[in-house]
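A look at the structure
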Amino acid sequence: MANVRLIARLDIKGPDLIKGVQLEGWRKVGRPAEFARRYYEEGADELLYMDVVASLYNRNNLTDIVAETAREIFIPLCVGGGVRSVEDADKLLRAGADKVAVNTAATKRPELISELSRRFGSQAVVLSIEAKGAGPGRWEARTDNGREATGLDVVAWARRGAELGAGEILVTAVDRDGTFRGLDLDLVAAVSAAVTIPVIAGGGFGAPEHLAEAVLKAGADAVAIARALHHQRTTLAQVRVRGLAQGLNLRRL
Amino acid sequence: MSARVAIVDYGLGNLFSVCQAVARCGAEPELTAEPGRVRAAGRLILPGVGAFADGMAGLRARGLDAAVRAAAAAGRPLLGICLGMQMLFAESEEFGRHQGLGLIPGRVVAIPPSGADGKPHKIPHIGWNGLIPAGGRSGWEGTPLRALAPATAVYFVHSFVADPAEPADRLAECDYDGLRLTAAVGRGNVVGLQFHPERSGPAGLAVIAAFLDGGAGDG
């Protein structure tokens, strides 16, 4: 089995770390760099920064926060939100990000994925998909925090993204986000079966047990955890210890 | 420790995090694309992310391939990271056959598409994996890995892997679905790391600090 990654996800609006329920109703949680440092010290395998309003306002303002973070945090950092071009990605990578996540712009212009992976390598390109239930065993890709429909089938879009050169798929269950009910295992399993690149499962993580089911039942290669960490419902250490006890291949600290 | 460390900039990859990690370890990183600065540096880091052919083309276009070879021949400590490690080898099979720097005998090949159990696995190999002493070693005394205990996990992201011709050049391996992948190599003053020490938390910083602290023969 490949090694499983625990990814701390920080949703950012302006200078603040925020967290909403089902990708709506944002609340401020604190300063991103402080939380990032805490998660680094607690053993996060990776950090994910998402500018949640960037695509609404056609901007990307994460560069400063990324540069500040990269000065003191020595684990991989993925940054998304408002990446529309090779230039946008270049700015973030130069500021210290290791990968960029694309969503809205890629749904409008899928070749962006190829442009990014040709220029920076597929390891630097994550296709982020917000998945909204659309009937039994079917999900539609959404953008703008689940609000905007794209008409794209999630599984087909994931497969297409991988073919275009994405190095990883981040799939977030819009209906589960911030609910702590656990990840959408059917969704993650469907995406994981469709691609040969790593799949990061997000949306709904609420308890340490949710890791093993996402990995063993749904084939997730990594989980993205946000609100459960910000509100200290669980810690990365608890998730890691529980996962190791359940026989998962996780980094031992 | 020699304070000035040349970070070879050949136009590929995120060099910011390597520079930050070197600075955190108390040394002074100098990002340079000038062959003269590379030849004169007390210590060199050859970083890089991307395709082998692009990396070598970037080095050659700036005359940096000869400069890196000259510095290595003069006994300066040289650390290759990820693509920078793969370019230390004689050749690579990534998208065709390409010549490398030839500082370490061997070649770079694709990670096999399935594990030891014959089942397909994910490529690239992304994530944290434990280091296993290799090349007949039981530990890493006298190498930049010396501060690490066996099984310490570090961060990998790669689709190709080095296959050193001389078993003694293997410093460390990792286990990926039952396959042993080369994780670190060393030959005299030349050391290569497949993993990213600048992205491997405190363990990675300890490797960089040990490289910065080591003598020319360290490795």
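As a reminder, the structure under discussion sits directly above these lines.
Keep in mind it's a predicted model, so treat the numbers as computed, not measured.

Right, let's get into the overall build of chain B. Helix and strand content of chain B: six helices and 14 strands. A compact globule built from 219 residues would reach a C-alpha radius of gyration of about 17 Å, and chain B, at 16 Å, matches this within 12%. Along the longest, intermediate and shortest principal axes, the C-alpha atoms of chain B span 50 × 35 × 30 Å. For chain B, restricting intrachain contacts to residue pairs at least 6 apart in sequence, the fraction spanning at least 24 positions comes to 70%.

What holds strands together in a sheet is hydrogen bonding between their backbones, with the strands either parallel or antiparallel. Residue and element names in this part refer to chain B. Read from one edge of the open sheet, eight strands run β2-β1-β3-β4-β14-β13-β12-β9, paired in mixed fashion. Of all the strands in the sheet, just β2 (28–32) and β9 (132–133) have a single pairing partner and so form its edges. Where strand β1 (residues 4–8) and strand β3 (residues 43–46) come together, three bridges link them in parallel fashion. Within β3, the position partnered with I7 by the bridge is I45. With respect to the sheet, helix α1 (residues 16–24) is in contact with β1, β2, β3 and β4 (78–81), its orientation differing from that of β2 by roughly 155°.

On to the nonpolar core. Counting 161 residues, the largest nonpolar core has V100, I169, V171 and V223 of chain A together with V68 of chain B as the members making the most contacts within it. If you tally residues by element for this core, the top one is helix α6 (residues 201–213) of chain B, at seven residues. Look past the residues within four positions of V68 of chain B in its chain and what remains in contact with it is V8, V38, L44, L46, L59, L78 and L101 of chain B.

This paragraph deals with the pairing of strand β10 (residues 153–158) of chain B. Residue and element names in this part refer to chain B. For β10, the tally of buried residues reaches six of six residues, placing the bulk of the element in the interior. The side-chain alternation of β10 yields two buried faces, one formed by A153, Y155 and V157 and the other by V154, F156 and H158. Across six bridges, strand β8 (residues 125–130) lies against β10 in antiparallel orientation. Across the sheet, residue I126 finds its bridge partner in β10, namely V157.

With that out of the way, let us pick up helix α3 (residues 52–61) of chain B. Residues and elements named next belong to chain B. Among the residues of α3, those classed as buried are F52, G55, M56, G58 and L59. Buried residues along α3 cover an arc of 155° about the axis, so they all sit on one side. Contacts made by the buried residues of α3 are with α4 (64–73), α5 (83–86), β5 (89–92), β6 (98–99) and β7 (104–110). Where α3 ends, the next residue or the one after it, G63, has phi of about 70°, a positive value.

Inspection of the secondary structure assignment puts R251 of chain A in the segment after α11 (236–245). Given 23 C-beta atoms within 10 Å, R251 of chain A falls into the buried group. Between the C-alpha atoms of R251 of chain A and L6 of chain A, which are 245 residues apart in sequence, the distance is 9.3 Å. Look past the residues within four positions of R251 of chain A in its chain and what remains in contact with it is N3 and D45 of chain A together with W128 and A153 of chain B.

What follows concerns the environment of A124 of chain A. All names here are of chain A. Within the secondary structure layout, A124 lies in the loop between α6 (111–120) and β7 (125–133). Judged by the 25 C-beta atoms lying within 10 Å of it, A124 is buried. Sequence spacing of A124 and A97 is 27 residues, and the spatial spacing of their C-alpha atoms is 9.0 Å.

Now for the interface of chain B and chain A. Tallying the contact residues gives 25 residues for chain B and 23 residues for chain A. Elements that contribute at least two residues to the side of chain B that touches chain A include exactly α1, β8, β10 and α6 of chain B. Here the residues of the side of chain B that touches chain A sort into twelve nonpolar, nine polar and four charged.

Right, let's get into the packing of helix α9 (residues 209–217) of chain A against α11 of chain A. All names here are of chain A. Interhelical geometry of α9 versus α11 gives an angle of 50° and a closest axis separation of 8 Å. It follows from the interaxial angle that α9 and α11 lie oblique. α11 is crossed by α9, and the crossing has right-handed handedness. Where α9 approaches α11, its residues E209, L211 and A212 are matched on the opposing element by V239, R242 and G243. For the contact of α9 with α11, the per-class residue count stands at three nonpolar, one polar and two charged.

Each value, and the rule that gives it
- Residues numbered from 1 in each chain as written.
- Chains lettered and ligands numbered in written order.
- Predicted model: local features only at pLDDT ≥ 70, side-chain atom pairs only at ≥ 80, totals over all residues.
- Helix = DSSP H or I, 4+ residues; strand = E, 2+ residues; numbered from the N terminus.
- Rg over C-alpha atoms; globule rule 2.2 N^0.38 Å.
- Contact = placed C-beta atoms within 7 Å.
- Pairing = 2+ DSSP bridges.
- Axes fitted to C-alpha atoms, helices over the stretch in contact; angles between N-to-C directions.
- Core = buried A, V, L, I, M, F, W, Y, C linked by C-beta atoms within 7 Å.
- Buried ≥ 20, exposed ≤ 12 C-beta atoms within 10 Å, placed from the backbone.
- Arc of directions from axis to C-beta.
- Nonpolar A, V, L, I, M, F, W, Y, C, P; charged D, E, K, R; others polar.
- Parallel < 35°, antiparallel > 145°, perpendicular 65-115°, else oblique.
- Left-handed = near helix turned anticlockwise from the far one by under 90°.

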